[in-house]
Amino acid sequence: MSLIEVENLDKKFKIYRRGEGITGYLKSFVSRDYDEVNAVEDLDLEIEKGNMVGYIGANGAGKSTTVKMLTGILEPTSGRIEVDGINPHRERKKNAMNIGVVFGQKTQLWWDLPVRESFKLLKEIYEVSDEDYEARIDEFDEVLQLSDFWDQPVRKLSLGQKMRCELAAAFLHHPKIVYLDEPTIGLDVAVKERIRDFIRKMNEEKNITVILTTHDIGDIEDLCERIVVLDEGRKIYDGTLNELVNKFTSRRIILETEDVIELEIEGVEEVEKVNGKIEVIFDSEKISASELMKEVLEKYDVSDFQIKEPDIEMVVKKIYNEGI
Ligand SMILES: Nc1ncnc2c1ncn2[C@@H]1O[C@H](COP(=O)(O)OP(=O)(O)OP(=O)(O)O)[C@@H](O)[C@H]1O
Ligand SMILES: [Mg+2]
């Protein structure tokens, strides 16, 4: 059995269309005037212990909704979820002991308490022993440098400082699984690096399973071997980042030439002029770069050329913008 098992999972939201004024308000109680949003549709997912999975997709694809169902905050409309053998919604408390969560947009620390006190509370809630607590705080401090603001109330922290605390808080009880929903949103490069180092360390050294939702391509490249791509609530890809790039990226060759290039060859998808140079977009499964260049050089006078490797950023952006 996998640590996380999801089968035929659906989440529908009802959005009531309410008329104007008080009559509209009253009518909304009796009429069935609503739209339905399929936030997550027929999702199957299996995640093994120790995996680090990137969960990506465009705005509104259903990523946060999935995380909310996995953590037990939302009840699925239908389908099955088991997290370490537990139904997260029905056994929310039991599930909570097994997991850590960071929602990049929200804080789960106590706003008015100094960081130190917030952590002491978490220690009690999660029943972490004194010995473990001391050791973990020291270890977290090394990477996240929490002691710089240990005695500040949470509300006075900068965004980067707050996120470092949130991360540490999510991992404090060494949960089996940590869900990170946009943990690097709005952060500068240096803090992002620190947070990524920390996530990697926790995953590698403590074998903590991590589900990471992000729009940051750097997070995905740095951390995730496996990615799951969601599009309008449906899973459209589940595999390695490399495979995705190979599967979905057309390659490009850039030619410097005065000639008018016309290529009626199988595998050539597009020929266009960009900044005075000719870009040939081709499908590398149908024609190799060397075969294509041979054809080009036989017919045309080319002064220089460049073969562009597939670019992960482009692929992910393409998925975000267009789906697959
Ligand atoms: N509480 C809610 N009530 C009604 N509709 C909702 C609710 N929560 C989410 N939705 C809708 O469900 C869909 C999925 O939303 P979700 O927040 O899961 O997307 P997401 O992939 O996390 O997007 P983003 O990248 O913007 O964070 C969207 O169409 C959203 O408007
Ligand atoms: Mg979201």
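The rules behind each value
- Residues numbered from 1 in each chain as written.
- Chains lettered and ligands numbered in written order.
- Predicted model: local features only at pLDDT ≥ 70, side-chain atom pairs only at ≥ 80, totals over all residues.
- Heavy atoms only, no water.
- Pairing = 2+ DSSP bridges.
- Helix = DSSP H or I, 4+ residues; strand = E, 2+ residues; numbered from the N terminus.
- Axes fitted to C-alpha atoms, helices over the stretch in contact; angles between N-to-C directions.
- Contact = heavy atoms within 4.5 Å.
- Near = heavy atom within 4 Å.
- Polar contact = N/O pair within 3.5 Å; in protein donor to acceptor, adjacent residues only side chain to side chain.
- Areas by Shrake-Rupley, 256 points an atom, 1.4 Å probe, with all protein chains shown as cover.
- Expected span 1.5 Å × (residues − 1).
- Buried < 20%, exposed > 50% of the residue type's maximum accessible area, 1.4 Å probe, protein only.
- Domains from an automatic or database assignment.

Enquirer: Would you explain the sheet that holds strand E5 (residues 99–103) in this entry?
Expert: The strands making up a sheet associate through hydrogen bonds between their backbones, and the pairing can be parallel or antiparallel. The six strands are arranged E5-E6-E7-E3-E8-E9 in an open sheet whose pairing can be described as mixed. Because the sheet does not close on itself, it has two edges, and the strands there are E5 and strand E9 (234–240). Strand-to-strand, the axes of this sheet are offset by a mean angle of 15 degrees, without reference to chain direction. Here five bridges tie E5 to strand E6 (residues 177–181), and the two strands are oriented parallel to one another. Each bridged residue has a counterpart across the sheet, and for Phe 103 the counterpart in E6 is Asp 181. Contacting strand E3 (52–56), E6 and strand E7 (209–213), helix H7 (residues 189–206) crosses the sheet at an angle of about 135 degrees to E3.

Enquirer: I'm lost on the site of ligand 1 in this one. Help?
Expert: In the region of ligand 1, the neighbouring residues are Phe 13, Val 37, Ala 39, Ala 58, Asn 59, Gly 60, Ala 61, Gly 62, Lys 63, Ser 64, Thr 65 and His 215. In the environment of ligand 1, an oxygen atom lies 2.7 Å from a nitrogen or oxygen atom belonging to the side chain of Lys 63. Within the contact set of ligand 1, an oxygen atom lies 2.5 Å away from a side-chain nitrogen or oxygen of Thr 65. Within the complex, 63% of the 640 Å² of free accessible area of ligand 1 lies under protein. Within the residue set of the shell around ligand 1, elements represented by two or more residues are strand E2 (34–47) and helix H2 (63–71).

Enquirer: In this structure, what is going on with the sheet that holds strand E4 (residues 78–83)? I would like to understand it.
Expert: Spatially, three strands are ordered E2-E1-E4 in an open sheet, and the strand pairing comes out antiparallel. Because the sheet does not close on itself, it has two edges, and the strands there are E2 and E4. Going from strand to strand, the sheet's axes swing by 30 degrees on average, the running direction of each strand aside. Bridge count for strand E1 (residues 4–16) against E2 is 10 bridges, and the pairing is antiparallel. Across the sheet, Leu 9 pairs through a bridge with Leu 43, a residue of E2. Packing of H2 onto the sheet brings it into contact with E1, E2 and E4, and relative to E1 it is tilted by some 115 degrees.

Enquirer: Could you clarify how one ought to interpret helix H5 (residues 130–144) in this entry?
Expert: Residues lying three or four places apart along an α-helix face the same way, a consequence of the helix completing one turn every 3.6 residues. In this model H5 runs 20 Å from its N-terminal to its C-terminal C-alpha over 15 residues, within 8% of the 21 Å that 1.5 Å per residue would give. For H5, the set of buried residues is Tyr 133, Arg 136, Ile 137, Glu 139, Phe 140, Val 143 and Leu 144. Looking at the buried positions of H5, the neighbouring elements they touch are helix H4 (115–125), helix H6 (159–171) and H7. A positive phi of about 50 degrees marks Gln 145, the residue just after H5.

Enquirer: Any chance you could explain the domain arrangement of the chain here in plain terms?
Expert: How big an interface is tends to be stated in terms of the accessible area lost upon association of its parts. For the chain, the domain assignment lists domain 1 (4–245) and domain 2 (249–322). Taking only C-alpha atoms, the centre of domain 1 and the centre of domain 2 are 40 Å apart.

Enquirer: For this particular structure, what's the right way to read the environment of Thr 257?
Expert: Assignment of secondary structure puts Thr 257 in strand E10 (residues 251–257). When its relative accessible area of 11% is taken as the criterion, Thr 257 is described as buried. Thr 257 sits 103 residues away from Val 154 along the chain, and the two C-alpha atoms are 60 Å apart. From its side chain, Thr 257 meets the backbone oxygen of Asp 301 in a polar contact 2.7 Å long.

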